[in-house]
Amino acid sequence: MPGRPVLPWWVFVLLASFSVEAEAAKVSDISPASIGEQAVRFFSMQDTSLRYALLGSILLGITCGVLGSFLVVRRLALVGDALSHAVLPGVTLGFLWNMTKDPAAIFIGAVISGLLGTFLVGCITRTTKIKEDAALGIVLASFFAVGLCLMSLIQHLPTGNKSGIEKFLFGQAAAISADDLRFMAIVTVITLGLVAALYKELLTSSFDPGFAASLGLPTKLLHHVLMFLLSAAVVVALQAVGVVLVSAMLITPAAAAFLLTDRMHRMVLLAAVFGLSAGVMGAFFSFLGNNLVTGPLMVLGASTVFAGAYFFGPRHGVIARWWRQYSRAARIQRENTLKAIYHVLERGEFTEEGVGVQSLAEHRRETLPEVEQQVRTLLHHDLATLNVLGDTVYLTPLGWQRASEIVRNHRLWELYLTNAAEIAPDHVHEDAEKIEHVLGEDVVRELERRLNHATLDPHGRNIPAIRDVHTRGRTAPRTVPSGYGGRT
Amino acid sequence: VKELVPPFDFQAVVVETWTENGASYGWIALMAFLVAAACGLVGNFLVLRRMSLVGDAISHSVLPGLAGAFLLTQNRGSFPMFLGALAAGVVTTVLIAAIHRRTRVKEDAAIGIVFTTLFAIGVLMIAIFADRVDLDADCVLYGELSFVGLEPQVRVGGWTLGPEPVVRMGAVLALTVVLLMAFYKELLVSSFDGGLAKSLGIRVNGIHYGLMALLSAIVVSAFESVGAILVIAMLILPAATARLLADRLPVMLALTIVVDHCSCSCFGIGRAASRRVAGLLDRGCDGCEWSRVIYARVDIQPDSGPVEICDPAPAFLDWG
């Protein structure tokens, strides 16, 4: 896909999502300070903690977006979900290590338990008949349960600084400290650096593991590296989004990007941008609502972006797809009307200039109003004209061209099926009815060549030749009746 | 860390659990069993259909349905909440289908997107309306079996059946069993061979959505005991364990019940331990995997917040 159409689209999507979110926030007006004041405070960036929260959200959005892209194209979205739950015991053990929120200890714990979780999933699926989905569920639930038990153990501690541990579940961007931020930045840089360094390898093994293996790439190792990076990303996101909803930050921005582009590097960039904007939105509205839980807000930001891509994506969006289907159906309808006009003219051996609407209706076995409606769409597309009385249709040059093309496609295909595929002549019509609308010009050339430029279809009717099709002007087929001359 | 885990005391952990306050404990254990059995039976079909994580998704996404029903009706009646959760469950399945059938996003990503979004909405609703909603987030998310109230007792024609939540869960289990038996053949065929099921004239889509609706119903009834996040353990662990032990579906279903029973017994150990040490580490490993850990979710002090969603609410039975 060319770069040009992408840019305005996602800019539009972002703007739309911002406005939607803003209205939602007004409804949930619960803060004692007015929304306006809070917004001003947010944009002036006076508070240190706010700046930390914002920077943290940006970092997590980028990390999750980039790694999530690989998850989505590898169909590992639910592995991301399981992994994000599975880091919880590691996080709490890291906390228990020296009873503070030491980012390094938490990181090490999370990575170990995350890798252990994915390793167990692999073990269960390899050694038993349990399928991957159930294995993921088992690991997810078991690890998370252990993590919860450990967490409540910490909460029941008689002493110690246990503040902040419960924020790991749903996230609180405002709780990010300078130390956390420094650590998040380091992890982000390492993650992005590794992804950049291994980009080609990750790309190949994501789209064609067999090919990657035949190139000698260590696909298993790459998988584990990706899992390692994921655990790291989960740790980065922990403070702001929380364990439960990290998977959304991994999956949703990447899936939105997946709907908007076909190139991996563009998808990674878009996903990073989406993740970033979702993170900023979450931080913003969390601040607006007086430190509302940040995680769900970020997730909703990402979901809004996804909804935008789902509906308004230029190629894979639902509306674009619906429009394509609708216009294709309308074109087929028009072409069928043209074909009917051609048939009626052919029956009169092209002696008439126009076709009566009444005889057209009889030919199509439809009611007069229906046919009049179809003729009107032809007029609208400059394919035909009506006489003053409104009872006779005349094809325009363009209309002639399209009508002859369709009839030619139909009859060529019938002939081809009869000759090459040896299908009985009375069985080829249905298939040709469908294929006539989608045959391209080059395929038609090829068909004509293979059929030795035959002039008669299996039912003995003439196949309009190339020169008829491209002859401009209504008079041409009348003076040189289609298919009769030239090719004998 | 060491002072957190006191030495193992057999008397207090194993014996006193059953002797001290035995009546109420018996009801709670029964409740645990009913929840586990209903979840486990449906879970078998989820595992067979490779839809385990759809179970996870639905258990998360019933949350906005619950909160929404509560906000609309302003009471904790079971029936509106039940309807809300059911609607949310069906919406989840429909949305997942809408995303992965209409776009090129694959089903796994679609599941991930839908349930996180709905769950986020639910958490946010509870957070925003915390002052107006007597929903305890902890209870909703993780459940607390000990909060299952023993009052009021349900009486039918002079007979005292038992505490209302237990009776309600029993009714749900009975409904599950009846439905599974009535549609056993259809479920069996469509789980193993969708194509064959279609050619036999079984409405595969109908079965799918029916199963999802039943799943939502069970999940919401199990809510007060296990919460939103860990229901998946109840759904999948017993079924997966049974799958390892048996090849035939009826045997699997029976084994599921046995596994559930084992894990409920373990609940006793966990509960006693948690009462004493306020924290539970895995002890006494056995074949029931980790389900006991879920049952042994440690008490959050009941006075720490409103726990009304866990309180006994008007029974479904009152409706019938």
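An account of the accompanying structure is given in this report. Since we're looking at a predicted model, the values are computed, not measured.

Glancing now at the nonpolar core. For soluble globular proteins, nonpolar side chains are generally found buried alongside one another. Residues and elements named next belong to chain A. If you look at the biggest cluster of nonpolar residues, it comprises 182 residues, and the most contacted ones within it are Leu60, Val241 and Phe306. By residue number, the principal contributor to this core is helix α12 (residues 219-241), which donates 15 residues. If you look at the next biggest cluster of nonpolar residues, it comprises 21 residues, including Val344, Val355, Val375 and Trp400.

Each partner contributes to the interface: chain A provides 56 residues, whereas chain B provides 57 residues. Both faces combined, the contact of chain A with chain B buries some 5,000 Å², and carbon together with sulfur accounts for 76% of it. Connecting chain A to chain B are 1 salt bridge. Measuring nitrogen to oxygen at the nearest pair gives 2.9 Å for the salt bridge that ties Asp262(A) to Arg104(B). At the boundary of chain A with chain B, the tally comes to 12 residue pairs in polar contact (both at pLDDT 80 or more).

With that out of the way, let us pick up the packing of aromatic side chains. Any aromatic ring pair is given by two values, namely how distant the centres are and how the planes are angled relative to each other. Going through the model one piece at a time under the given rule, you end up with 10 aromatic pairs over all chains. Here the aromatic rings of Phe70(A) and Tyr199(A) are separated by 6.4 Å at their centres, their planes lie at 75 degrees, and the arrangement is edge-to-face. With Phe70(A) in helix α3 (residues 48-73) and Tyr199(A) in helix α10 (residues 199-207), this residue pair connects regions lying 129 residues apart in the sequence. Here a set of aromatic residues connected by ring pairs shows up, and it is made of Phe306(A), Tyr310(A), Phe311(A) and Phe312(A). The side chain of Arg104(B) reaches across the aromatic face of Phe258(A), ending 4.3 Å from its centre.

So, on to the packing of helix α4 (residues 77-86) of chain A against helix α6 (residues 103-127) of chain A. All names here are of chain A. Relative to each other, α4 and α6 sit at 135 degrees, their axes nearing to 8 Å. By the angle class used here, α4 and α6 are oblique. Considering only the axes of α4 and α6, their crossing is right-handed. Along its contact with α4, which presents Val79, Leu83 and Ala86, the element α6 presents Ser113, Gly114 and Thr118. For the contact of α4 with α6, a count of residues per class yields 3 nonpolar, 3 polar and no charged.

Looking now at the sheet that holds strand β3 (residues 392-395) of chain A. Residue and element names in this part refer to chain A. Pairing is antiparallel across the open sheet formed by 3 strands, whose spatial order is β1-β3-β2. The open sheet has two free edges, formed respectively by β1 (355-356) and β2 (384-386), since each of these has just one partner strand. Two elements, β2 and β3, share 3 bridges in a ladder whose sense is antiparallel. The residue of β3 that forms the bridge with alanine 384 is leucine 395.

With that settled, consider empty space enclosed by the protein. Residue and element names in this part refer to chain A. Going through the model one piece at a time under the given rule, you end up with 11 cavities of 30 Å³ or more. By volume, the second largest cavity amounts to about 120 Å³. Those elements giving two or more residues to the lining of the second largest cavity turn out to be α6, α9 (178-197) and α12. Here the lining of the second largest cavity gets 4 residues from one element, more than from any other, and that element is α12.

Positive phi outside glycine occurs at Arg75(A), with the angle close to 55 degrees. Tracing the chain through its elements places Arg75(A) in the loop between α3 and α4. Phi is positive for Arg50(B), close to 55 degrees, though the residue is something other than glycine. Mapped onto the elements, Arg50(B) comes out in the loop between α2 (22-48) and α3 (52-73). For Arg50(B), a relative accessible area of 52% puts it in the exposed group.

Thresholds applied
Residues numbered from 1 in each chain as written. Chains lettered and ligands numbered in written order. Predicted model: local features only at pLDDT ≥ 70, side-chain atom pairs only at ≥ 80, totals over all residues. Heavy atoms only, no water. Core = buried A, V, L, I, M, F, W, Y, C linked by side-chain atoms within 4.5 Å. Buried < 20%, exposed > 50% of the residue type's maximum accessible area, 1.4 Å probe, protein only. Helix = DSSP H or I, 4+ residues; strand = E, 2+ residues; numbered from the N terminus. Contact = heavy atoms within 4.5 Å. Buried area = accessible area lost by both parts, 1.4 Å probe. Salt bridge = Lys/Arg side-chain N within 4 Å of Asp/Glu carboxyl O. Polar contact = N/O pair within 3.5 Å; in protein donor to acceptor, adjacent residues only side chain to side chain. Phe/Tyr/Trp six-rings, centres within 6.5 Å; stacked < 30°, edge-to-face > 60°. Lys NZ or Arg CZ within 6 Å of the ring centre and 35° of its normal. Axes fitted to C-alpha atoms, helices over the stretch in contact; angles between N-to-C directions. Parallel < 35°, antiparallel > 145°, perpendicular 65-115°, else oblique. Left-handed = near helix turned anticlockwise from the far one by under 90°. Nonpolar A, V, L, I, M, F, W, Y, C, P; charged D, E, K, R; others polar. Pairing = 2+ DSSP bridges. 1 Å grid on protein atoms, 1.4 Å probe; cavity = no way out; pocket = protein on both sides within 12 Å on 5 of 7 lines; lining within 4 Å. Points joined across faces, edges and corners; volume = space filled by probe spheres on them.

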